[in-house]
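Structural overview for review
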Amino acid sequence: MFTIGDFARHGRVSVRMLRHYDAIGLLRPAHVDPATGYRHYSAAQLSRLNRVIALKELGFTLQQVRDIVDEKVGTEELRGMLRLRRAELEATVEAVAARLVQVEARLRSIESEGHMPTDDVVIKRVPAVRVAELTATAASFDPQDIGPVITPLYEELFRRLDAVGITPTGPGVAYYEDAPEGGGAISVHAAVQVSAPPRDGDDLRILDLPPIDHAATIVHRGPMDAVVPTAQALAHWIDGNGYRSTGYPREITLECPENRAEWVTELQTPVVQV
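Residues numbered from 1 in each chain as written. Predicted model: local features only at pLDDT ≥ 70, side-chain atom pairs only at ≥ 80, totals over all residues. Heavy atoms only, no water.

In this section: the pairing of strand 12 (residues 250-255). In this structure, strand 6 (residues 172-178) lies alongside strand 12, joined through two bridges in antiparallel fashion. Following the sheet pairing, V173 is matched in strand 12 by I252. Relative to strand 13 (residues 264-273), strand 12 runs antiparallel, the two sharing five bridges. Residue pairing across strands places E255 opposite V264, the latter belonging to strand 13. (Pairing = 2+ DSSP bridges. Helix = DSSP H or I, 4+ residues; strand = E, 2+ residues; numbered from the N terminus.)

Written as structure tokens, this is what we have:
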């Protein structure tokens, strides 16, 4: 038998935690001295302690942990709980990875201030283009908010185009507007070039995007959640060359392989001379 201190050391937990687990009935001592009240544990109880800690670290509540280790939860229910928790953890990992990409993009912007090449910025006229599109709202123009909105939009857009027999005839065209509700929200338009007649249905909209008489353009290489350095290089060029932007940039998908690091996207910002 181990004293509570020895058992805590062997289990790599705190004495305070063991006392709490005893108080809530999650891990009772094997023996309590009636005279002193000292708790004693057996080596066999390390197995239950390990299960408790593992389940707790998976995010289960202590009540759920007790039900599981006391076998009050059936096998199928336990599988379902574990699958749900796995999905939650995967979502958390994806969210953290997305935030890390944003931090790295901002860091590159800071490190490259004054050094970003702007030789590739071109002023040109962008002709009108017919597109099919779906629209949704993002919380802000931050890539972290745009990405989770525009990706499923494009997936659904291509599904609907396939369902009505319309084949895209050109690249994807993403464009943005301030959302009617304000507060920094953005209307996200996921579009692709088509040659079909215009339509304005609930399931799909086909329209002609107007031309841009003067667009400052630059090519971004890599995933769009790392677009900040390229976009800010374009902003520096616009500001330093006597222009003013008049709206959000369009994003023209020139190359979109499975490897997102190999994406090629042209940013087209409408500008006027000042």
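Let us keep going from here.
Right, let's talk about the nonpolar core for a bit. Grouped together as the largest cluster of nonpolar side chains are 21 residues, with contacts concentrated most on I150, L157 and V188. At the level of elements, strand 5 (129-138), helix 6 (143-163), strand 6 and strand 7 (186-193) are the ones that each hand at least two residues to this core. Setting aside its immediate chain neighbours within four residues, I150 contacts A174, Y176, V188 and A190. If you look at the next biggest cluster of nonpolar residues, it comprises 18 residues, including I4, F7, L49 and M81. (Core = buried A, V, L, I, M, F, W, Y, C linked by side-chain atoms within 4.5 Å. Buried < 20%, exposed > 50% of the residue type's maximum accessible area, 1.4 Å probe, protein only. Contact = heavy atoms within 4.5 Å.)

With that out of the way, let us pick up the sheet that holds strand 3 (residues 39-41). If you trace the three strands from one edge of the open sheet to the other, you get 1-3-2, paired in antiparallel fashion. A strand with exactly one partner marks an edge of an open sheet, and here the two such strands are strand 1 (2-3) and strand 2 (31-32). Direction of pairing for strand 1 relative to strand 3: antiparallel, over a ladder of two bridges. From the neighbouring strand, F2 faces strand 3, where its bridge partner is Y41.

Moving on: the UniProt feature "domain: HTH merR-type" (unreviewed entry) in the chain. The sites that carry the UniProt feature "domain: HTH merR-type" (unreviewed entry) are, in the present numbering, residues 1-71. The distance from the first to the last C-alpha atom of residues 1-71 is 25 Å, and the span holds 54% helix and 10% strand. (UniProt positions renumbered as here; feature names shortened; annotations may be inferred.)

Our focus in this paragraph is the side chain of S42. Of note, S42 is situated in the loop between strand 3 and helix 3 (45-57). In contact with S42, not counting residues within four places along its chain, are M1, F2, F7 and A30.

Along the polypeptide, Q273 turns up in strand 13. By relative accessible area, which is 63% here, Q273 ends up exposed. The sequence separation of Q273 and V32 amounts to 241 residues, and the corresponding C-alpha distance is 84 Å. Excluding residues that lie within four positions of it along the chain, Q273 makes contacts with G242 and Y243.

Topologically, Q45 is positioned in helix 3. Under the relative-accessibility criterion, Q45 is labelled buried at 14%. Within the structure, Q45 has its side chain in polar contact with the backbone oxygen of R28 (distance 2.6 Å). Other than its neighbours up to four places away in sequence, Q45 contacts F7, L27, R28, P29, A30 and H40. (Polar contact = N/O pair within 3.5 Å; in protein donor to acceptor, adjacent residues only side chain to side chain.)

A separate point is the pattern of salt bridges. In total, this model carries 14 salt bridges according to the counting rule given. Among the salt bridges present, the one from R39 reaches D22, with a minimum N-O distance of 2.7 Å. Taken together, the residues R39 in strand 3 and D22 in helix 2 (residues 15-23) connect sequence positions 17 residues apart. In this structure R39 comes out as partly exposed when scored by relative accessible area, which is 24%. One salt bridge connects D225 with R260, and the closest N-O pair in it is separated by 3.0 Å. Of the two residues, D225 is situated in the loop between strand 10 (212-221) and helix 7 (228-240) and R260 in the loop between strand 12 and strand 13; the sequence distance between them amounts to 35 residues. Judged by relative accessible area, which is 18%, D225 ranks as buried. Assessed through its relative accessible area of 38%, R260 is described here as partly exposed. What emerges from the salt-bridge pattern is a single network uniting D22, R28 and R39. (Salt bridge = Lys/Arg side-chain N within 4 Å of Asp/Glu carboxyl O.)

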